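Coordinates in review
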Amino acid sequence: MKIFIGVDVGSVSTNVVALDESENILFKYYIRTNGQPMDVVKFAMSRLREELGEPLVLGVGTTGSGRQLAGVLLGADIVKNEITAHGVAASREVPHVRTIFEIGGQDSKIILIKDGMVVDFAMNTVCAAGTGSFLDHQAERLGIPIENFGDLALKAENEVRIAGRCTVFAESDMIAKQQYGFSKPDIIWGLCRALVRNYINNLGRGKKLEPPFVFQGGVAANKGIKKAFEEAMGCEVIVPANYDVMGAIGAAILAREEVERTGRESTFRGFDYLNTDFRPSSFICNGCSNNCEVINAKADGKVVAVWGDRCGKWQEQLRSSTRGSNGKKDSKVTVK
């Protein structure tokens, strides 16, 4: 069995998919990151191996906030930002997509597509209003399973306006509306509308939002948010079948394109390499006024990757120590 693997490591969840040569999904796995990205990547890959046996891995791509570390661990053929990965996956699902709404656990994005290419985007990584973690918190506070949050919003009978510009204001407003006697469905629907209003005002400001619209990311499971987007846009908003793993799908597709473009074999380290003692560490470089925080990735105590240095000093030292003169390791340089 020949496969391409895509891994999306986010702050809240980690997603792994395997595609066959026709880009059909053979395996997909969604798991909470829980602050341990490497452990969950290893676990998800072990599940892939159990389910698919010993597949021939033709390519690996990583994306998400933890893409660099995951890329080193797996020996990824390509490491791409989530904007590109989500854009590629959405374009495969809805070929003529023009606008992508993507809301994850701790950030949100809007991506504009033209002729299958990303032409503009905006990200909100500062405020948690509207993200999955905020909705999880509100569902817990209201004593409602997050899986039922969207369904309850659709049962609302009254218009309730909730302030959505800030998580603190939104929560205070929700508490006030509860004290006034409004029902939970009314309040939840008001919250959904407020969060979508905030999303469009912040991320869509000055941008021409055109259909087809695609809504993806974990929050796309919330029917209330989807309905609020459709109300705001005045037309249908498409939620892909694999809305929750679109970043990983995009990473797998990009890995395939990279391998086919270069004509080389995959750099995937193999499933057994996942048993390596893999640890990150960091230090502050005082070589200039930037004071960069340099991240080292070590496998069995040996530095295998470095990033974070703006000038590339430490990355070049690692390459030199690996290559040296005449292809031999140069013992005169030291990577911390």
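Our subject is the structure that appears above.
Here is what the cut-offs are and how they apply
- Residues numbered from 1 in each chain as written.
- Predicted model: local features only at pLDDT ≥ 70, side-chain atom pairs only at ≥ 80, totals over all residues.
- Heavy atoms only, no water.
- Helix = DSSP H or I, 4+ residues; strand = E, 2+ residues; numbered from the N terminus.
- Rg over C-alpha atoms; globule rule 2.2 N^0.38 Å.
- Buried < 20%, exposed > 50% of the residue type's maximum accessible area, 1.4 Å probe, protein only.
- Axes fitted to C-alpha atoms, helices over the stretch in contact; angles between N-to-C directions.
- Parallel < 35°, antiparallel > 145°, perpendicular 65-115°, else oblique.
- Contact = heavy atoms within 4.5 Å.
- Nonpolar A, V, L, I, M, F, W, Y, C, P; charged D, E, K, R; others polar.
- Phe/Tyr/Trp six-rings, centres within 6.5 Å; stacked < 30°, edge-to-face > 60°.
- Lys NZ or Arg CZ within 6 Å of the ring centre and 35° of its normal.
- Left-handed = near helix turned anticlockwise from the far one by under 90°.
- Core = buried A, V, L, I, M, F, W, Y, C linked by side-chain atoms within 4.5 Å.

Looking only at helices and strands, one finds 10 helices and 13 strands in the protein. A compact globule built from 336 residues would reach a C-alpha radius of gyration of about 20 Å, and the protein, at 22 Å, matches this within 12%. The dimensions of the protein, computed from C-alpha atoms along their principal axes, are 75 × 50 × 40 Å. Buried positions account for 49% of the 336 residues belonging to the protein.

All right, on to the packing of helix H3 (residues 82–93) against helix H9 (residues 246–262) then. In a packed pair of helices, the relevant descriptors are the angle between the two axes and the axis-to-axis distance. Interaxial distance between H3 and H9 falls to 7 Å at its minimum, and their mutual angle equals 90°. Here H3 is positioned roughly perpendicular relative to H9, judged by the angle of their axes. Of the residues in H9, those touching H3 at Thr84, Ala85, His86, Val88, Ala89, Ala90, Arg92 and Glu93 are Met246, Gly247, Ile249, Gly250, Ala251, Ile253, Leu254 and Glu257. Its residues assigned to classes, the contact of H3 with H9 comprises nine nonpolar, four polar and three charged.

Per the stated rule, a full pass over the model turns up nine aromatic pairs. Both rings, one in Phe268 and one in Phe271, keep their centres 5.3 Å apart while their planes meet at 75°; by these two values the pair is edge-to-face. By the burial criterion, Phe268 is buried, and Phe271 matches it. The rings of Phe101, Tyr199, Phe213, Phe215 and Phe229 are connected pair by pair, giving a single aromatic cluster. In this structure, Lys227 packs its charged tip against the face of Trp189, placed 4.8 Å from the ring centre.

Across the interface, helix H7 (residues 184–203) lies against helix H8 (residues 223–233) with an axial gap of 9 Å and an inter-helix angle of 55°. By the criterion of interaxial angle, the relationship of H7 to H8 is oblique. Between H7 and H8 lies a crossing whose hand is right-handed. When H7 is examined against H8, the residues Trp189, Cys192, Arg193, Val196, Tyr199 and Ile200 are found in contact with a partner set consisting of Gly224, Ile225, Lys227, Ala228, Phe229, Glu231, Ala232 and Met233. Looking at the contact of H7 with H8, its residues break down into 10 nonpolar, one polar and three charged.

Backbone phi values are negative for most residues with the exception of glycine, while trans is the configuration of most peptide bonds. Residue Pro211 is joined to Pro212 through a cis peptide bond whose omega torsion reads 0°. As for its placement among the helices and strands, Pro212 is situated in the loop between H7 and strand E9 (213–216). In this structure, Glu23 is a non-glycine residue whose phi angle is positive, near 65°. Position of Glu23 among the secondary structure elements: in the loop between strand E2 (13–19) and strand E3 (25–32). Using a relative accessible area of 27% as the deciding quantity, one classes Glu23 as partly exposed.

If you look at soluble globular proteins, the nonpolar side chains tend to sit buried side by side. Ranked by size, the top nonpolar core spans 37 residues in total, and within it Leu191, Phe215 and Phe229 carry the most contacts. Among the secondary structure elements, those contributing two or more residues to this core are strand E6 (99–103), strand E7 (108–114), helix H4 (132–142), helix H5 (149–153), helix H6 (167–179), H7, E9 and H8. Residue contributions to this core peak at 11 residues, all from H7. For Phe229, the contacting residues outside a window of four places in its chain are Phe101, Ile103, Val196, Tyr199, Ile200, Phe215 and Val237. Ranked by size, the runner-up nonpolar core spans 33 residues in total, among them Val9, Val16, Ala44 and Ala305.

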